[in-house]
Structures are given as structure tokens and as C-alpha cells.
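As a plain string of letters, each chain reads:
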Amino acid sequence: MVYVMTFIVVTLLSACSDDLKLYLEKAENPEYYSVYIPQAHSLQKKSVYVSSEIQQFNFSAYYGGVKAPDVDIKVNFKIDESLVEKYNMDNGTNYPMLPKECFELETNSTCITTGTFSSALVNVNLTTEGYLEVGSPYLLPISIEATEPEVAIPDDMRNAYFLVTGSFKPGQVPREK
């Protein structure tokens, strides 16, 4: 019986040792780390009022890996109009690009600070009056352009698509007479 118990304990400890070795190998291997836009997992629908007031939504960047980064990672974003056509072709849609006159990124970069897994939020400011038609959806593709220092960016999580649709403010819906 003692031999059986000893065998079980040794087997369990060696299995834990293998898991620890694998964890440590991954922790030191850059292949297991990446930066991505979490909102890239699916189409992000944003409903806004057609008005002269500034409205906003936000997004961020995340760091994926076994442990938090040990340096600050600067993440640069861009608006890539060419992705609208690609998105439409891939999804059988015909969304127009959100007019560039009605939106502005507050900043085109953010930072994932040492020891954390997410960046500060990046705001997209919208002024919709005169640019959006009520009920019509518009596409805004936001991409990670680069990181400093260079970190892998998975292709399927590089681009986030925001579908912005204008609506009337409460109480301002036109009525037929």
C-alpha cells in the first residue's frame, strides 16, 4: 500500500512539474503574447441621435498572454476606409463609410502600461447632424496600425467594425398630420 501511495504522489508531482515547465516556457516565448482590439470579435452596433451635440463611444486595446507586459506598449490606431469594401464583400452587405466629417478619434494611440492587460479607453467623438440619415447604418473600421515595441497582432483581432445608425431624439420623431 505504501508503494502505491508513493507511486501516486510521485506521478502527481511530476505532472505538476510538467505543467510548470510548460507555463514557464510560454511565459518567456513571445509567440504567446499579442495585442488586440477586444471589440473586434464581432460587429459593434452603436445607435446615436442625429443632432448637433457631440456624442461618443469608445474602444481599447488589450494585451493577451501568460503574464502582464514588463514594459509600456504604445498602440497606434488608424481608420482604414479600404476595409469597408472588404467587410461588405465578406458579409454580403452594402454599408457606406461613416462620413469622415462627423467623427474624430480623440487620439490615434494609447498605452498598455507595464503590469496591466488593457489600455485606457480611446474615445470616438461624433457630430451627426447634417451627415447621417435617420435609420441608415454607416460603417467605421478601426485598426491597430502598429505597436511599440513590436508585439504580434492577430489578423482576426486587428480590425474592429462599428456600425453607427442615427435615430431621432425622444420627442423629436416627426408626426404625420
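Our structure is the block above this text.
Cut-offs applied
- Residues numbered from 1 in each chain as written.
- Predicted model: local features only at pLDDT ≥ 70, side-chain atom pairs only at ≥ 80, totals over all residues.
- Heavy atoms only, no water.
- Helix = DSSP H or I, 4+ residues; strand = E, 2+ residues; numbered from the N terminus.
- Contact = heavy atoms within 4.5 Å.
- Polar contact = N/O pair within 3.5 Å; in protein donor to acceptor, adjacent residues only side chain to side chain.
- Salt bridge = Lys/Arg side-chain N within 4 Å of Asp/Glu carboxyl O.
- Buried < 20%, exposed > 50% of the residue type's maximum accessible area, 1.4 Å probe, protein only.
- Pairing = 2+ DSSP bridges.
- Axes fitted to C-alpha atoms, helices over the stretch in contact; angles between N-to-C directions.

J.: Please give an account of the environment of Glu-106 that cites residues and values.
T.: Within the element layout of this structure, Glu-106 appears in the loop between β6 (103-105) and β7 (109-112). For the pair formed by Glu-106 and Asn-123, sequence separation is 17 residues and the distance between their alpha carbons is 5.6 Å. Those residues in contact with Glu-106, other than ones at most four positions away along the chain, are Gln-56, Asn-123 and Asn-125. A polar side-chain atom of Glu-106 sits 3.2 Å from a polar atom in the side chain of Asn-125.

J.: Tell me about the pattern of salt bridges, and name the residues and values.
T.: Counted according to the given criterion, the structure contains three salt bridges. One salt bridge connects Glu-81 with Lys-100, and the closest N-O pair in it is separated by 3.4 Å. Of this pair, Glu-81 sits in the loop between β5 (73-79) and α2 (82-91) while Lys-100 sits in the loop between α2 and β6, and the two are 19 residues apart along the sequence. For Lys-100, a relative accessible area of 55% gives the class exposed. Ionic pairing is found between Lys-86 and Asp-90, a salt bridge with its closest N-O pair at 2.6 Å. With Lys-86 and Asp-90 both in helix α2 and four residues apart, this pair spans about one turn of that helix. Note on Lys-86: relative accessible area 45%, which makes it partly exposed.

J.: Just give me the short version of the sheet that holds β6, but keep the residues and values in it.
T.: Within the open sheet, the three strands sit side by side as β3-β8-β6. Their pairing is antiparallel. Each having just a single partner strand, β3 (55-59) and β6 make up the two edges of the open sheet. This sheet shows a mean twist of 25 degrees between the axes of neighbouring strands, independent of strand direction. Where β6 and strand β8 (residues 122-126) come together, three bridges link them in antiparallel fashion. Bridge pairing in β8 links Leu-105 to Val-124.

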